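The lines below spell out each chain.
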Amino acid sequence: MFQRILVANRGEIALRVFRACREMGIETVAVCSAADRGADYLKAANESICIGPAAANQSYLVIKNIIAAAEIGNVQAIHPGYGFLSENEHFAEVCRECKIEFIGPSADAMSKLGDKVTAKEIAKQAQVNLVPGSNGLITSEAEALVIAERIGYPVLIKATAGGGGKGMRVARNDISLKAGLKAAAMEAEKAFNNAGVYLEKYIENPRHVEVQIIADTHGEVVHLWERDCSSQRRHQKLIEESPAPNLPLSVREDICKAAVRLIQAAKYTNAGTVEFIVDKNNQFYFIEVNARIQVEHPVTEMVTGIDLIQQQIRVASGEPLPWKQRAIPCQGAAIEVRINAEDPDNDFRPSPGKITKLRVPGGHGVRWDSHIHEGYVVGPYYDSMIGKLIVHKPTRPEAIACMKRCLDEFVVEGIKTTIPLLKRILNHTAFVEGKMDTTFIEQNLLVKSS
Ligand code: MV4
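Residues numbered from 1 in each chain as written. Predicted model: local features only at pLDDT ≥ 70, side-chain atom pairs only at ≥ 80, totals over all residues. Heavy atoms only, no water.

**Some points on the overall build of the protein**
For the protein, the helix and strand inventory stands at 14 helices and 22 strands. A globule of 450 residues ought to have a C-alpha radius of gyration of about 22 Å, and the protein, at 22 Å, matches this closely. Overall, the C-alpha framework of the protein stretches about 60 × 50 × 45 Å when taken along its three principal axes. Buried residues in the protein amount to 57% of all 450 residues. Surface exposure of the protein reaches about 18,800 Å², of which carbon and sulfur atoms provide 49%. If the 53 positive side-chain charges of the protein are averaged to one point and the 54 negative ones to another, these points end up 2 Å apart. (Helix = DSSP H or I, 4+ residues; strand = E, 2+ residues; numbered from the N terminus. Rg over C-alpha atoms; globule rule 2.2 N^0.38 Å. Buried < 20%, exposed > 50% of the residue type's maximum accessible area, 1.4 Å probe, protein only. Areas by Shrake-Rupley, 256 points an atom, 1.4 Å probe, with all protein chains shown as cover. Lys, Arg positive; Asp, Glu negative; His and termini not counted. Charge placed at Lys NZ, Arg CZ, Asp CG, Glu CD.)

**Here's the deal with unusual backbone geometry**
The omega torsion across tyrosine 153 and proline 154 is -5 degrees, close enough to zero to call that bond cis. Relative to the assigned elements, proline 154 resides in the loop between α6 (141–151) and β6 (155–159). Along the chain, serine 242 connects to proline 243 via a cis peptide bond; the corresponding omega equals -5 degrees. Tracing the backbone through its elements, the reader meets proline 243 in the loop between β11 (236–242) and α8 (249–265). For phenylalanine 84, which is not a glycine, the phi torsion comes out positive at approximately 40 degrees. Assignment of secondary structure puts phenylalanine 84 in the loop between β4 (77–79) and α3 (89–97).

**Regarding the environment of alanine 399**
Within the secondary structure, alanine 399 is located in helix α11 (residues 396–409). Considering only alpha carbons, one finds alanine 399 and glutamate 241, 158 residues apart in sequence, at a separation of 9.8 Å. Dropping the residues within four chain positions of it, alanine 399 is found in contact with Ala333, Ile335, Val391 and Lys393. (Contact = heavy atoms within 4.5 Å.)

**Some remarks on the pairing of β6**
Taken residue by residue, a regular strand's side chains alternate between the two faces of the sheet. Across the 5 residues that make up β6, a large majority, 5, are buried. Alternating positions in β6 separate into two faces, Val155, Ile157 and Ala159 on one and Leu156 and Lys158 on the other, with burial throughout. Across 3 bridges, the pairing between β6 and strand β7 (residues 169–171) is antiparallel. Counterpart to leucine 156 in the pairing with β7 is valine 170. Judged from the 5 bridges that link them, β6 and strand β8 (residues 197–201) form a sheet pairing that is antiparallel. Paired with leucine 156 across the strands is glutamate 200, a residue of β8. (Pairing = 2+ DSSP bridges.)

Set out below in structure tokens:
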């Protein structure tokens, strides 16, 4: 097992990893930008090294600065957290060239799954259900028109280097398909340096269901059940839960087994998430793989009782997975809300500033994963998430009641937060009945600015 790990991240997830390591007897080295220097959460690490100015592209995203800190800090491994360099295959490669273990998948698995067309080919080989569409990249307008004719409109144009909804375009007829292809390819070239696009049948109003998996370096893969993340706005998740509501057990088992087959076929190691969309008939379709630990991992930890960060570290050090699939339960219901320093009534504008008063809820089955405190200054430089509130109860109605009670107890003064919007969602019949889809919040819960 490693004795010392560097955490190449900040805020909530850096603290989450420091805490996991402390319990395992592993020392931690923190990196921080000038903006985070002296922050309270850094005291949970054994040492902290400043790696550059506030701007992420001059600190948390600079590979050579992080490697330098890892050398100075004398660590054996790096945990990347989520965001920043977590899915950067070049970073994973450099770590291993420097004889530092990257706590995540191999650069090879990352690059194969990072290309959506290649990921779909692997999924097809593993007999995982795909959305009908093009077999691979679109090579001409004429080809795209023939495929659209075959699968029927509406169709969705996606960038092979995209993901997370970046560079997607819906087309409902030949004219918008032709225009969309050109625009999507140009946008993808600019954003990802890769103009490749593919076509899929557009599934209207899907649910977003994703499967947590973890794989060791000895060929064992298990799933840790699924999460429903349909409560989102512009691809930013607001609420996540496990198990997925209104999904029959047989479908849940099938989707989880499909995820395991895909991960085995990709020779993927460490923790990852296989993302699906689910239509009104509970048919599921593979969408993409997220090759990192995700923000919403705590809901899975609550229902399975497994510490995913500790397990990531164990499998990265070469330990075999300690349990068989049948020993991984999905007990009760867990819900997570993301609390962001944003104004939901003002187009989610970031709301940086000093937190002048903070009262955090507690009680049975309540977990608060956050680096903030009264007096903390939320800066303008990074993602606006300031914490995650997670509840775990025997049943979903109890979890909803608990979350509502917690949000009522919450006091955050000095900045605007998404708490009022979260309360509205939790009180909406669509959420209470487990009937959210990925379009619901934008269509029903937001005051449209004219
Ligand atoms: C889709 C889709 C409908 N049909 N693919 C958006 C994010 C990216 N990971 C995949 N996404 C979608 N792919 C087909 N063929 C709808 C979405 C989608 C979505 C998916 C998951 C979570 C939120 C979403 C919000 C809008 C659209």
